[in-house]
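Observations on the model geometry
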Amino acid sequence: MTTDFIKLGLPGIQGLRPYQAGKPIDELKREMGITKVIKLASNENPIGPGSKSLDAIKQVLAELALYPDGSGFALKQKLVEKFALKADEITLGNGSSEIFTLLLRCYVSDQNEVVYSQHGFALYSILTRSVGATPVVIPAINRGHDLDAMVAAINDKTALVFIANPNNPTGTYLSKAAIKGFMEKVPEHVIVVLDEAYAEYVEQEDYANGLELVGQYKNLVVTRTFSKAYGLAALRIGYGVSNTQVADMMNRVREPFNVNSLALVAAEAALDDDAHLEKSRRCNREGIQQLVEGFNKMGLEYIPTVGNFISVNVGRDATDVYQDLLKHGMIVRPIGGDYELPKFLRVTIGLPEQNKAFLDALAKVLS
Ligand SMILES: *Cc1c(COP(=O)(O)O)cnc(C)c1O
């Protein structure tokens, strides 16, 4: 007898395709036999981590034989001080994406629906289907979230709503008034995940800082990450802030040592490194300006962004343009497929010379 171990698996998982990450630099070097590669595909911080985080990591290298502090006490204390939170509202995760997984595990079954927006982050769809729940994808409005339509889609089966603010890959954002208006209308039995992976980059005055809203809405869970502005993507650390009961539930299912020691100390140090964060923001602001000017010169449409990436309309199948850019040693991200923007490339804001190299390569490829 031969068993088909795909068919043996749970129905929700049988239909999945793995998350497609940005192409690794070394893979392209191997494939093309080239040595110079620039990757602007995964919204990583081009400056890298701050020196305070690196120093903190060196301190714990001597203790690698020991399990990490499974409660993350010191990091939670730092978050409490910095953002006026309560420690038992905080859940630490192996990346903020682990917080999504924990929430689905606690609150979403195969009888439920999960609501999110068209052009939303690919992980929302994968995670929803992995638990056998039904995705309800709401058409975007002006390439951002249509919050009214999202409210209207909520019914008795709805367990959870994902909102990315800013949204990846479009770079659009929602104001505090819009988020508050939305939360007022969402029934309390529906968990709202406000994914603020790029919050640190946003400079708009009317941006909704979710951490200030958690106290007001019991069903709101805000997620933040150290992967983007803090430059610690490799370490995998993020957190959720929610009412204490939701945090209690997540704490019951998380693995005892889900966040490693290096990540804990690096994140703690990063929260004290305002100079590094400011440098990252400035680099991003100037990089957006540089790319926008380049797109304007080429007459290319782009989606105005508040994140550390920008999506640009290349006027034809962006996957072809992506492939051609690879030949120039340039890795970006085509966002057709599930993202439904087939003529757009998403490019991470890089260092000035990286942005210039991208613009030069793009001009060549499009000429
Ligand atoms: C990068 C990103 C995250 C963060 O992922 P981590 O698991 O924290 O590295 C979450 N949401 C969106 C929309 C992202 O782009």
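Residues numbered from 1 in each chain as written. Predicted model: local features only at pLDDT ≥ 70, side-chain atom pairs only at ≥ 80, totals over all residues. Heavy atoms only, no water.

We now examine helix H8 (residues 176-185). What H8 keeps buried is the set Ile179, Phe182 and Met183. Across the axial projection of H8, the buried residues extend over an arc of 95°, all falling on one side. When the buried face of H8 is taken as reference, the exposed residues oriented beyond 90 degrees from it are Ala177 and Glu184. Close packing links the buried residues of H8 with helix H7 (147-152), strand E5 (158-164), strand E6 (191-195) and strand E7 (220-225). (Buried < 20%, exposed > 50% of the residue type's maximum accessible area, 1.4 Å probe, protein only. Helix = DSSP H or I, 4+ residues; strand = E, 2+ residues; numbered from the N terminus. Arc of directions from axis to C-beta. Contact = heavy atoms within 4.5 Å.)

Attention shifts here to the packing of aromatic side chains. One pass over the full model with this rule turns up 13 aromatic pairs. Centroid distance Tyr173 to Tyr207: 6.4 Å. Interplanar angle 55°. Geometry classified as tilted. Here Tyr173, found in the loop between E5 and H8, pairs with Tyr207, found in the loop between E6 and E7; they are 34 residues apart in sequence, far enough to count as distant. A relative accessible area of 29% places Tyr173 in the partly exposed class. Judged by centre distance (6.1 Å) and plane angle (35°), the ring pair of Phe295 and Tyr302 falls under tilted. Overall, the relative accessible area of 0% leaves Phe295 in the buried class. Members of the aromatic cluster, each reached through a chain of ring pairs, are Tyr19, Phe100, Tyr116, Phe121, Tyr124 and Phe162. Positioned over the ring face of Phe83 is Arg224, at 5.8 Å from the centre of the ring. (Phe/Tyr/Trp six-rings, centres within 6.5 Å; stacked < 30°, edge-to-face > 60°. Lys NZ or Arg CZ within 6 Å of the ring centre and 35° of its normal.)

Let us look at the domain arrangement of the protein chain. As far as domains go, the protein chain holds domain 1 (20-48 + 275-366) and domain 2 (51-270). Distance between the C-alpha centres of domain 1 and domain 2: 25 Å. Each side of the interface is counted separately: domain 1 has 25 residues, and domain 2 has 24 residues. Here domain 1 and domain 2 share an interface that buries about 2,200 Å² over both sides, 56% of which is from carbon and sulfur atoms. Three residues, Val306, Phe309 and Tyr339, lead the burial of domain 1 against domain 2; their summed loss comes to 31% of the area buried on that side. For the pair domain 1 and domain 2, the interface holds two salt bridges. Linking Glu301 and Arg143 is a salt bridge whose minimum nitrogen-to-oxygen distance equals 3.0 Å. (Domains from an automatic or database assignment. Buried area = accessible area lost by both parts, 1.4 Å probe. Salt bridge = Lys/Arg side-chain N within 4 Å of Asp/Glu carboxyl O.)

With that settled, consider the pairing of strand E10 (residues 309-313). Counting buried positions along E10 yields five of five residues, so the element is predominantly enclosed. Here E10 shows no split at all, with Phe309, Ser311 and Asn313 on one side and Ile310 and Val312 on the other all buried. In terms of strand pairing, strand E9 (residues 302-303) meets E10 through two bridges, oriented antiparallel. From the neighbouring strand, Tyr302 faces E10, where its bridge partner is Val312. Remark: five residues form the turn of the hairpin made by E9 and E10, two consecutive strands paired antiparallel. Looking at chain direction, E10 and strand E13 (residues 341-348) are connected through five bridges and run antiparallel. Bridge pairing in E13 links Asn313 to Phe344. (Pairing = 2+ DSSP bridges.)

On to the sheet that holds E13, then. With antiparallel pairing, four strands are arranged side by side in an open sheet as E9-E10-E13-E12. Across the chains shown, the open sheet's two edge strands, defined by having one partner strand only, are E9 and strand E12 (333-335). Across the sheet, helix H11 (residues 274-298) touches E9, E10 and E13, and the angle it forms with E10 is around 5°. (Axes fitted to C-alpha atoms, helices over the stretch in contact; angles between N-to-C directions.)

On to the pairing of strand E4 (residues 134-138). Looking at chain direction, strand E3 (residues 113-117) and E4 are connected through five bridges and run parallel. Paired with Val115 across the two strands is Val136, which belongs to E4. In the classification by handedness, the crossover that spans E3, the intervening helix H6 (residues 122-130) and the parallel E4 is right-handed. (Right-handed = clockwise from strand over helix to strand, strands pointing away.)

All right, on to the packing of helix H5 (residues 96-107) against helix H9 (residues 244-253) then. Two elements in contact, H5 and H9, have axes whose closest approach is 9 Å; the angle formed by their N-to-C orientations is 95°. What the angle tells us is that H5 and H9 run roughly perpendicular. The residues of H9 that touch H5, namely those facing Ile99, Leu102, Leu103, Arg105, Cys106 and Tyr107, are Gln245, Val246, Met249, Met250 and Val253. (Parallel < 35°, antiparallel > 145°, perpendicular 65-115°, else oblique.)

Attention now goes to the pattern of salt bridges. According to the stated counting rule, one finds 19 salt bridges in the structure shown. Salt-bridge contacts for Glu27 lead to Lys23; the nearest nitrogen and oxygen are separated by 2.9 Å. Taking the relative accessible area as the measure of exposure, Lys23 reaches 13% and is therefore buried. Note that Asp360 and Lys356 form a salt bridge whose closest N and O atoms lie 2.8 Å from each other. Of the two residues, Asp360 and Lys356 both sit in helix H13 (residues 352-366), four residues apart, roughly one turn of that helix. Accessibility expressed as a relative area gives 35% for Asp360, which makes it partly exposed. Linked by salt bridges that have partners in common, Glu203, Glu278, Arg281 and Arg285 make up one network.

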